[in-house]
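Fold and geometry: a report
Single-letter residue listing:
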Amino acid sequence: DPYTQQIIAMEENFEIELEGVANEVIKTGAEAPPLAQQVNTIMLREPGVLLLGLLTDPDTARIMAKFTRETRMYVGLRQPDSMLALRAWMQAVGDAKQAAGSVAAVVNQRLVRSVCASCRIPYTPDPAMLKKLNLPADKVTQFYKHSGQILVKNQPQVCPNCHGIGYKGRIAVFEVMVLDDEARALAGAGQFDQLRTHLRKNRMILLQEAALFKVVEGRTTISEITRVLGNK
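Residues numbered from 1 in each chain as written. Predicted model: local features only at pLDDT ≥ 70, side-chain atom pairs only at ≥ 80, totals over all residues. Heavy atoms only, no water.

1. Re helix 6 (residues 181-188)
Within helix 6, the full set of buried residues consists of Ala183, Leu186, Ala187 and Gly188. Where helix 6 is buried, its residues touch helix 3 (82-93), helix 4 (96-101) and helix 7 (192-201). At the exit of helix 6 stands Gly190, carrying a positive phi of roughly 75 degrees. (Buried < 20%, exposed > 50% of the residue type's maximum accessible area, 1.4 Å probe, protein only. Helix = DSSP H or I, 4+ residues; strand = E, 2+ residues; numbered from the N terminus. Contact = heavy atoms within 4.5 Å.)

2. What to know about the packing of aromatic side chains
Counted by the stated rule, this structure contains one aromatic pair. Relative to Phe143, the ring of Tyr123 lies with its centre 6.1 Å away and its plane at 85 degrees, an arrangement referred to as edge-to-face. Of the two residues, Tyr123 is situated in strand 6 (residues 121-123) and Phe143 in strand 7 (residues 143-145); the sequence distance between them amounts to 20 residues. When the ring centre of Phe192 is taken as reference, the NZ or CZ atom of Arg87 above it lies at 4.1 Å. Just above the ring of Tyr167 sits the side chain of Arg113; from NZ or CZ to the centre is 4.1 Å. (Phe/Tyr/Trp six-rings, centres within 6.5 Å; stacked < 30°, edge-to-face > 60°. Lys NZ or Arg CZ within 6 Å of the ring centre and 35° of its normal.)

3. A few points about a nonpolar patch on the surface
Taken together, the side chains of Val107, Phe174, Val176 and Val178 make up a nonpolar region of the molecular surface, amounting to roughly 350 Å² of accessible area. If you tally residues by element for the nonpolar patch, the top one is strand 10 (residues 167-178), at three residues. Along the chain, Val107 falls in strand 5 (residues 105-115). Look at Val107 and you get exposed, because its relative accessible area is 52%. (Patch = residues over 30% accessible without salt bridge, like charges linked within 9 Å, V, L, I, M, F, W, Y side chains within 5 Å. Areas by Shrake-Rupley, 256 points an atom, 1.4 Å probe, with all protein chains shown as cover. Salt bridge = Lys/Arg side-chain N within 4 Å of Asp/Glu carboxyl O.)

4. Some details on the pattern of salt bridges
As enumerated under the stated definition, the model contains seven salt bridges in all. For the salt bridge of Arg45 with Glu24, the shortest nitrogen-to-oxygen distance reads 2.8 Å. Within this pair, whereas Arg45 is found in the loop between helix 1 (35-43) and strand 3 (49-52), its partner Glu24 is found in strand 2 (residues 21-25), the two being separated by 21 residues in sequence. Among the residues examined, Glu24 registers a relative accessible area of 25% and is labelled partly exposed. Its salt-bridge partner being Arg113, residue Glu224 comes within 3.0 Å of it at the nearest N-O pair. With Glu224 in helix 9 (residues 222-229) and Arg113 in strand 5, this residue pair connects regions lying 111 residues apart in the sequence. Taking relative accessible area as the criterion, Glu224 reaches 1% and is therefore assigned buried. Relative accessible area serves as the criterion here: at 28%, Arg113 is assigned to the partly exposed category. When salt bridges that share partners are traced, they join Arg113, Glu224 and Arg227 into one network.

Right, dumping it as structure tokens:
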């Protein structure tokens, strides 16, 4: 709510503008001040929410970690999964307990192509495959595969909806790691195996599982999530 708190987003390039969010373009080049200095200057304005498109250096992480009690931070990191993102943040801050204590959640996102609803082909998944995927064979009875073709008077034709690709549009798949006090304590102590166990006990859904839900819903295919996640 821009009327109750100041929201500032910092990126090098803005593709869209959001109502109520002030856009601050990150200065680059030889004459530009370091990113950490730019963030520190923004913090003097006491924003309620600060969004940083991409964290690029430890100095910036250390400055942001100091202000997490007063300002809600959203920080972009390029990491393969949420656990590695958490560890990268902690390494950048340098103080494990401070870094872990500043984190409320880590969100890992991938985009997968949406299977075309006009030409997708239903099939019955193999029970052995369902078992390997930890899916109940008695409840999951149908998957879809992409085609790119439709039948017109019993003759195959290029699908006019997806133009023969078999996919149209993209959907997001999310892995959300929510850290409670116990999780933050485990992370701060460097006990990541125990942290992973704790998160799973609290029913954290892994990225692969979230992607499989989209397959079960008929919104994408096994081959597509295999392509995106790179997991045979």
